[in-house]
Amino acid sequence: MVPRDHFNLKRAFISHLIRNYVEGDWGYKVMSVVEVILDKFGYKISYAKAWNAKQRAIGDIFGDWDASYEMLPRFMQGLKESNPGTVVQWSTTPIGNSNVHTFKRVFWAFKPCIEGFEHCRPVLTIDGTHLYGKFKGTILTAMSIDANNQIFPVAFAIVESENNESWSWFMACIRLFVTKRSGLCVISDRHAGIMNAMSEVGSGWEEPHAFHRICIRHLASNVNTRYKNVKVKNMFGSTAMQFQEKKFDIGFARLGEMDRDAQHYVADVGIEKWSICHDGGHRYGILTTNLAEAFNNVLKGARFLPITALVQCIFFRVNAYFVERREEARKRLLQGQHYSSKITHLLEENCKKGAYHKVVSFDHVGGLYQVTTRRGSRNVSRGSHLHTVDLSKRTCTCNKFQTYKYPCSHVYAVCKKMKLNASQFVEISYTTGEHLASYASKFHPLKDEAYWGHYNGPRIVCDEGKRRGKGSMEYRLQPGPVNPEVLKQQETHRSKAIWDGDDKGSLRCRSHLAMHKGFLVSDRVVDFIRESQFYFIHRVVGLKFNVDFITALVERWRPETHTFHLTVGEATVTLQDVQVLLGLRIRGDVVTGTSACNWRALIYELLGRTPGEEDLKGASLRIGWLTEHFSGLPEQANEQVLHQYVRAYLLILMATVMFPDKSGNDIQVVYLPLLRDLDAIDDFSWGSAVLATLYRNLCRSSNMKARDIGGPLILLQLWAWERITIARPIVTGPENPPLIQGPYPLGSQHQLRVDSLGRRWLSVHRRRPQGTTITTLLGYRDALDNMRPDQFVWQPYPQAIFSFLPEACYNDLGEWCVVSPMICFDIVEWHLPNRVARQFGWKQNIPEPADTEPKLHKMDKRGAHSRNWAEYHSAYLAMWFRRYQFRFIGVEDNSDMGYNDPYMVWYRDRTRRFISPTFQQAYQAPLGATAYLAHGFAEVHRTCNTEIQAMPQEVPPHYRNIMSNIRDNTSQSLEHVGYSHLLQQFHQPTQETQVEEQHEERGDGSTMQESTAEDDETLQVFRRRSRRTNTSMSPINEQGTP
């Protein structure tokens, strides 16, 4: 057995030992440090000690990590003095009224790069990559392409992370200080920050000032990640790279045949953003962001260095590029070479191909020709293709002429036949003269530090929130979970991506509510559904979503438990919320059926019309077809026609409110057979189907790769406003009467004993509370991170409120606490009220382990066109029909739950406490006396907790009680002033023995009612489910290497 460590193997000794290794390889791996110590001394040191030793070695070689931030402004000033015209822009945060600022961002562009870019093609590729050193951060780069198809560096920035603000700032700096060229093409991935920056009105990056294009490789990777099909990914890549629209159309159609959802997904991105033939020639045939990524790889070792050493390295490496390429272009110009070496090769290849083509002139004066391709000497093409060349317009139907801006083989064929000089059709940016002009401006050596001018700016210090390793805020404020026994999917959860700096921004909410605009609902149709539960849905149409708030909630949704993990405990949308807010029944038959049906015939039978080929594909019916043909109702319509219009409107309500998917504009007509008998539509449990659909969409959207969300988001929005007081709107009447008083107890638009409770939140009678400042995703995210117990309403539906609601909103209360699967065709999701007992006025104990069957989350209708879902889910249907036997019943307890309650102690070890990384948090706790006292209270809490745990049994009980009261009072006080996160610094994981004891103490009255019937296989499965639930300049040479 290898000894784990030795007392004398200290960080200073190890850093001295590995100094030569690190000096030769800035990216020297930490595990290599571990192996060196093991080989030399026979001891295996920890990864943390090896990492810290490496950081110390880098600091010894290149300067102290912290002091490097103070050195950077002086270095930048020295750089600008030696190289006038270099642009440097800062973004810092002042600390109080002092002359000390915290570093946030720095942007710079060298003068030679700014001047040289004017001679490059009007293309920028932008990308970001992480820094690996002692401080977290991201370096953003903007690269162009020179006349020789090589990387041309344009601008750089070091920022806190890739987010909306940093990307907008970077792009604004480029537009203001680097280039004002119009018609620039910017190629990037689909990071939300880039998308927002490029579309920001007045930024100078919106069309026609600039054109945003997407990296095809990144988008293909997104397709593969989303749809798990390499063939679909390859088909998309092949389609995107087609130069001719005819070939594009064939490939795009094949993509739709392989996966229609994937086709819709890439179409929603915008075909012109990724298709070469639809690009308009803006991207010059550049398919990917490889230019920026290649330079990032060049900097890979430098990304391990302190910040000033990193900038110095970039300076020397860019200068090396200029010296080498300037000499290369100068030699070619002296040799009489008109074009760069790589372009010359491409032109020669096209000229050789053109020698085999046949040309027919149609208009010599107008420059119109037909070219027939023939097989070349290598017989690599089939030949016999016809192309039209129009020299006056500089076009060819092969589209390569327009894309690359130099002659294709067909143009060379025409020029040869007509004895024209083909070089006149080569864009000037490819010439050797422009190549030399790009690198003509020269860098100048840096002066010795002693000759730098006096720096008069603020002192820049590092952001402690970005420090890696021991002593950083993120080290003390662990986001959790400490114990991974509950949150087993954390590695793929979007909260991990956010903490790691990969924040994709707000989700795109697919609600289809816009489909209602202009759609007329006849009074006869409304009267027909008035007595059904669908009337309540009709009355809540029009609710506007708070997309940022919904996204912040999704970040706290856990598929493992079907609950939101808030700071105050677990909470979720239950069957109670569905019925009270939307008026949908819980009791009834399962919403299910078969996918095998002649849907066109059924639609004609029940709707009286036949959709066109483009309107119905499989079981997906275009919502627009419904709104076009069933808006309004003919005045003389008979009862049969009325029924058809009623069914059409019910489908629209399902597509836009109850079961909206992410297709864009379709409704699955599998629900139509359930509407055959309109007198029996209330026999189904639409409430459980809607909640199952919401759970499924929350589970999928909580994955770090998700970009959008569908499902009944109206329900989620209503639930959030009822229970979470953060930025909750105020319900008002015409004269703003208070709730539960006067003629409008639930708002002016709510009809007493007619509408469900959700109706009161419609935008026509709600307003933002005075003083509310939370309007962004970061704001909502941080507010939830710092939520107080009084900001969550565990029981928002008092008994008195039911007197204002129709009976249909509460007559299934016996169903609200069932532990049961909820089913909606392919969707099966578990309802687990035992994890949120406080929502029903009961005491919350440590819940049994939950199993939500993650395999169910991957199931959908794709590839199951003939499946009978009722048979496929027969075991779950049996559980649903026996749900009464498994109702959760708890012990009534309406008291507030303390910080040290056994459940909260257990829960804090197993939850994700923080979503925002601390250095990104917009929320800042107040400074001064309050903070000083809060830290003192936290120390008192820690001391009391330690003393209580160490007390021997013979200590008098009253002494233990005194210490417990002090501990509880300090925790409550810290929660009240928003400093409960200080307790997290000292929180120790609960011992497993304590957990076991808490589980044994569940004999407190809470029970799971079980049937006395015989234990058949279904009941056994059901029972198992219910129970689980420093400052010297860096020694870098002129090549940018050690």
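What counts as what
Residues numbered from 1 in each chain as written. Predicted model: local features only at pLDDT ≥ 70, side-chain atom pairs only at ≥ 80, totals over all residues. Heavy atoms only, no water. Core = buried A, V, L, I, M, F, W, Y, C linked by side-chain atoms within 4.5 Å. Buried < 20%, exposed > 50% of the residue type's maximum accessible area, 1.4 Å probe, protein only. Contact = heavy atoms within 4.5 Å. Pairing = 2+ DSSP bridges. Helix = DSSP H or I, 4+ residues; strand = E, 2+ residues; numbered from the N terminus. Axes fitted to C-alpha atoms, helices over the stretch in contact; angles between N-to-C directions. 1 Å grid on protein atoms, 1.4 Å probe; cavity = no way out; pocket = protein on both sides within 12 Å on 5 of 7 lines; lining within 4 Å. Points joined across faces, edges and corners; volume = space filled by probe spheres on them. Nonpolar A, V, L, I, M, F, W, Y, C, P; charged D, E, K, R; others polar. Salt bridge = Lys/Arg side-chain N within 4 Å of Asp/Glu carboxyl O. Patch = residues over 30% accessible without salt bridge, like charges linked within 9 Å, V, L, I, M, F, W, Y side chains within 5 Å. Areas by Shrake-Rupley, 256 points an atom, 1.4 Å probe, with all protein chains shown as cover. Lys, Arg positive; Asp, Glu negative; His and termini not counted. Charge placed at Lys NZ, Arg CZ, Asp CG, Glu CD. Expected span 1.5 Å × (residues − 1). Polar contact = N/O pair within 3.5 Å; in protein donor to acceptor, adjacent residues only side chain to side chain. Phe/Tyr/Trp six-rings, centres within 6.5 Å; stacked < 30°, edge-to-face > 60°.

(A) A look at the nonpolar core. Leu626, Met654, Tyr671, Trp686, Leu716 and Trp719 are the most contacted members of the largest nonpolar core, which totals 133 residues. With residues up to four places along the chain from it excluded, the contact list for Trp686 reads Gln533, Phe534, Leu584, Arg585, Val591, Met654, Met658, Phe659, Tyr671, Leu674 and Ile681.

(B) Region of the structure containing the sheet that holds strand E15 (residues 563-566). Pairing in this open sheet of three strands is antiparallel, and the strands run E14-E15-E16 from one edge to the other. Strands at the two margins of the open sheet, each flanked by one partner only, are strand E14 (557-558) and strand E16 (569-571). Relative to E16, E15 is paired through three bridges, and the arrangement is antiparallel. Across the sheet, Phe564 pairs through a bridge with Ala571, a residue of E16. The sheet contacts of helix H34 (residues 902-910) involve E15 and E16, and relative to E16 the element is tilted by about 80°.

(C) The arrangement of the environment of Tyr535 in detail. Along the polypeptide, Tyr535 turns up in helix H23 (residues 534-540). Tyr535 sits 220 residues away from Asp755 along the chain, and the two C-alpha atoms are 8.5 Å apart. In contact with Tyr535, other than residues within four places in its own chain, are Val526, Ile529, Arg530 and Val754.

(D) Here's a closer look at empty space enclosed by the protein. Of the volumes computed, that of the largest cavity is approximately 90 Å³. Lining the largest cavity we find 16 residues, and of these Tyr69, Leu131, Phe135, Leu305 and Ile307 sit closest to its centre. Going through the elements one at a time, helix H5 (65-82) and helix H15 (307-334) are the ones with two or more residues in the lining of the largest cavity. A breakdown of the residues in the lining of the largest cavity according to their chemical character gives 11 nonpolar, two polar and three charged.

(E) How the structure looks around the pattern of salt bridges. The final tally for this structure, using the stated rule, is 41 salt bridges. Linking Arg585 and Asp812 is a salt bridge whose minimum nitrogen-to-oxygen distance equals 3.9 Å. Placement of Arg585 in the loop between helix H25 (575-582) and helix H26 (599-607) and of Asp812 in the loop between helix H31 (777-785) and strand E23 (820-824) is noted, with a sequence separation of 227 residues between them. A salt bridge links Arg760 to Glu722, with the shortest nitrogen-to-oxygen separation between them at 2.9 Å. On the criterion of sequence distance, the pair formed by Arg760 in the loop between strand E21 (730-731) and strand E22 (766-767) and Glu722 in helix H30 (residues 713-723) is long-range, its members being 38 residues apart.

(F) Structural detail: a negative patch on the surface. Taken together, Asp589, Asp677, Asp679 and Asp683 make up a surface patch of like negative charges. Residue position: Asp589 is located in the loop between H25 and H26.

(G) Expanded view of helix H7 (residues 164-177). The terminal C-alpha atoms of H7, which comprises 14 residues, lie 20 Å apart, in line with the 20 Å expected from a rise of 1.5 Å per residue. For H7, the N-terminal cap is Asn163; the gap from its side-chain oxygen to the backbone nitrogen of Glu165 is 3.1 Å.

(H) Summary view of the sheet that holds strand E11 (residues 395-396). As summarised here, the arrangement of the four strands in space is E8-E9-E10-E11, forming an open sheet in which the pairing is antiparallel. Only two strands of the sheet have a single partner each, and these edge strands are strand E8 (358-363) and E11. Relative to strand E9 (residues 368-372), E8 is paired through five bridges, and the arrangement is antiparallel. Paired with Ser361 across the two strands is Tyr369, which belongs to E9.

(I) Representation of H31 in the model. Buried residues dominate H31, accounting for eight of its nine residues. Buried within H31 we find Leu777, Gly779, Tyr780, Arg781, Asp782, Ala783, Leu784 and Asp785. Buried residues in H31 make contact with helix H21 (494-499) and helix H24 (547-554).

(J) Main features of a nonpolar patch on the surface. Taken together, Val360, Phe362 and Leu368 make up a surface patch of nonpolar side chains, about 250 Å² in accessible area. Looking at the secondary structure, you find Leu368 in strand E9. On the basis of relative accessibility, which here comes to 32%, the residue Leu368 falls in the partly exposed class.

(K) Representation of the packing of aromatic side chains in the model. For the structure shown, the criterion picks out 48 aromatic pairs. When the centroid spacing of 5.7 Å and the interplanar angle of 50° are considered together, the rings of Phe243 and Tyr404 count as tilted. With Phe243 in the loop between helix H10 (230-240) and helix H11 (245-258) and Tyr404 in helix H17 (residues 400-404), this residue pair connects regions lying 161 residues apart in the sequence. Its relative accessible area of 17% is what places Phe243 among the buried residues. What makes Tyr404 partly exposed here is its relative accessible area of 24%. With a centroid separation of 6.0 Å and 35° between ring planes, the pair formed by Tyr903 and Trp906 is classed as tilted. Of this pair, Tyr903 and Trp906 are both found in helix H34, three residues apart, which corresponds to roughly one turn of the helix. Taken as a pair, Tyr903 and Trp906 share a single burial class, namely buried. Members of the aromatic cluster, connected to one another through ring pairs, are Trp108, Phe110, Phe152, Phe156, Phe315, Phe316, Phe322, Tyr439 and Phe443.

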